[in-house]
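Now for the letters of each chain:
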Amino acid sequence: PLVLGIETSCDETGVGLVRDGVLLGDALASSMDQHARFGGVVPEIAARAHLEALPAMVRHALDRAGVAFADIDAVAVTAGPGLASAVQVGLAAGKAYALALAVPLYGVHHLAGHAAVDTLEHGPLPGRCIALIVSGGHTSLLLLGDLARDPIVHLGDTLDDAAGEAFDKVARLLGLSYPGGPAIDRVAREGDPHAIAFPRALPGTHTFSFSGLKTAVARWVERHPGPVPVADVAASFQEAVADTLSRKAVAACHEHDASTLLMVGGVAANSRVRALTAQRCAKAGIELRVPTPRLCTDNGAMIAAVGDLVIRAGLPPSPLDLAMHPTATLTHALVHP
Ligand code: ATP
Ligand code: MG
Ligand code: FE
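Residues numbered from 1 in each chain as written. Chains lettered and ligands numbered in written order. Predicted model: local features only at pLDDT ≥ 70, side-chain atom pairs only at ≥ 80, totals over all residues.

1. Quick notes on the overall build of the protein chain
A tally of helices and strands in the protein chain yields twelve helices and ten strands. Considering only C-alpha atoms, the protein chain reaches an extent of 65 × 45 × 35 Å along its principal axes. Residue burial in the protein chain is summarised as follows: out of 337 residues, 55% are buried. (Helix = DSSP H or I, 4+ residues; strand = E, 2+ residues; numbered from the N terminus. Buried ≥ 20, exposed ≤ 12 C-beta atoms within 10 Å, placed from the backbone.)

Here's what the structure looks like:
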């Protein structure tokens, strides 16, 4: 089926067109610049930007895919989690497109989208794998079966900050630009990852905690006399995150006898997280699957990918009165009413 995917859970307006596991075309607009001076995403600004950008993004995606509105077989849209006012714009638009085109609607869980997008580049997922979702708002180690059908098992989550949130907060305290993840990734290249020994929280468990690491960086910067060696601090912080994520993910693979690790979400775009995880997986004989960096962060293709998977698995569509779920936990690929 040809699926139109719509993503508006945060500050990215994403549209993607997927047919039978193939990404035909996508388009992305971001209101990131409008939030920079506030140091974080302002929901009402993001919502207004989605409202303005969405029709043009749909048009671009159709043009890039070389298909017409009449070719669309289904609409998949993020129903949560995310910023309520932002999710609402995309969900209302998704319902309108589904109604106007007389095609079914699928309310997708945003985090299932982060995982499903990998299939567009690397083909179907194995029947069973460990997934590490590391994004701006979530950090979870999961046991995945059939992503479309099976319940998703949480092996561990973060007790406090998400990995991406830690990148954003540490970048802010180092005076780097928003969003923080890409900024830290860039400056860390000039720094020594072993300059400062920052803590690794909760070793030997599947649970994460990044608030202590963030505080440790803040304390170190406060106590350091003279100009802050920003590159060394960034590199050492990034090393602590990469070490923690990759170690726990590989341990979960061993414990659950899984031969594939799927690493997804915005932080999976980080160069050191990718390199260290690849190195440890290679050593452990684990196949590592990570989307290309531009598909790690929010986009419309990931939502279309979930729609495509659940349709091919024969799941029923969502009702047109589907509510949004700003805090939905990840238990299934679709957000249930
Ligand atoms: P969620 O998916 O949990 O709802 P989100 O949609 O805001 O949150 P994503 O789009 O997956 O999150 O990712 C954004 C996060 O990824 C931000 O915190 C950003 O700083 C981080 N990020 C993006 N690129 C990089 C990078 N190269 N290195 C580290 N972090 C990065
Ligand atoms: Mg974003
Ligand atoms: Fe996301």
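2. Details of the pairing of strand β2 (residues 12-19)
β2 sits mainly inside the fold: seven of its eight residues count as buried. Bridge analysis of strand β1 (residues 2-7) against β2 gives six bridges, and the strand direction is antiparallel. Residue L2 lies in a different strand from β2, and its bridge partner there is R19. Joining the antiparallel neighbours β1 and β2 is a turn of four residues. Taking the residues that link successive antiparallel strands as the turn, the β2-strand β3 (residues 22-30) hairpin has two residues, and the phi of D20 there is positive, at about 45°. (Pairing = 2+ DSSP bridges.)

3. What to know about the UniProt feature "binding site: substrate" (unreviewed entry) in the protein chain
As recorded in UniProt, the sites labelled "binding site: substrate" (unreviewed entry) are I133, V134, S135, G136, G137, D168, G181, D185 and N270. The topology assignment puts G136 in the loop between β6 (129-134) and β7 (139-144). Here D185 is in contact with N270 and S271, once residues within four sequence places are set aside. (UniProt positions renumbered as here; feature names shortened; annotations may be inferred. Contact = placed C-beta atoms within 7 Å.)

4. Topic: unusual backbone geometry
Most peptide bonds are trans, and most residues other than glycine sit at a negative phi. G80 connects to P81 through a cis peptide bond whose omega is -5°. Topologically, P81 is positioned in the loop between β4 (74-80) and α3 (84-101). The backbone of A102 sits at a positive phi, close to 55°, despite the residue not being glycine. Take A102: there are 6 C-beta atoms within 10 Å of it, and that puts it in the exposed class. Phi is positive for D257, close to 55°, though the residue is something other than glycine. In this fold, D257 is placed in the loop between α9 (230-255) and β9 (260-264).

5. Describing the sheet that holds β4
Strands sit in the order β3-β2-β1-β4-β5 across an open sheet of five strands; the sheet is mixed. In this open sheet, the two strands that pair with only one neighbour each are β3 and β5 (105-109). Strand after strand, the sheet turns through a mean of 20° between neighbouring axes, direction not considered. In terms of strand pairing, β1 meets β4 through four bridges, oriented parallel. Bridging from a neighbouring strand, V3 pairs with A74 of β4. Lying on the sheet, α3 is in contact with β1, β4 and β5; it crosses β4 at an angle near 160°. (Axes fitted to C-alpha atoms, helices over the stretch in contact; angles between N-to-C directions.)

6. Here we look at the sheet that holds β9
Reading across the sheet, the five strands line up as β8-β7-β6-β9-β10 and stay open at both edges, with mixed pairing between neighbours. If you trace the sheet from one side to the other, it starts and ends with β8 (153-157) and β10 (287-289), each paired once. Between one strand axis and the next, the sheet turns by 20° as a mean value, whatever way the strands run. Contacting β6, β7, β8 and β9, α9 runs over the sheet at an angle of about 160° to β6.

7. Points about the packing of α9 against helix α10 (residues 271-284)
Between α9 and α10, the least distance of the axes is 9 Å, while the angle of their chain directions is 35°. Two packed elements cross with a definite hand, and for α9 against α10 that hand is right-handed. Across the interface between the two elements, Q238, E239, V241, A242, D243, L245, S246, A249 and V250 of α9 pack against R272, V273, L276, T277, R280, C281 and A284 of α10. (Left-handed = near helix turned anticlockwise from the far one by under 90°.)

8. Observations regarding the nonpolar core
Ranked by internal contacts, the top residues of the largest apolar core, which has 118 residues, are V108 and L261. With twelve residues, α9 is the largest single contributor of residues to this core. Among residues more than four places away in sequence, those in contact with V108 are A76, V77, T78, A79, G113, I303, V306, G307, A333, L334 and V335. (Core = buried A, V, L, I, M, F, W, Y, C linked by C-beta atoms within 7 Å.)

9. Here we look at the site of ligand 1
The environment of ligand 1 is made up of 25 residues, and the closest members are G136, G137, G164, G181 and G266. Mapped onto the shell around ligand 1, the elements with two or more residues apiece are α4 (110-116), α6 (163-173) and α7 (180-188). Here the element with the most residues in the shell around ligand 1 is α7; it accounts for four residues. Of the residues assigned to the shell around ligand 1, the class counts are seven nonpolar, 15 polar and three charged. (Near = placed C-beta within 6 Å. Nonpolar A, V, L, I, M, F, W, Y, C, P; charged D, E, K, R; others polar.)

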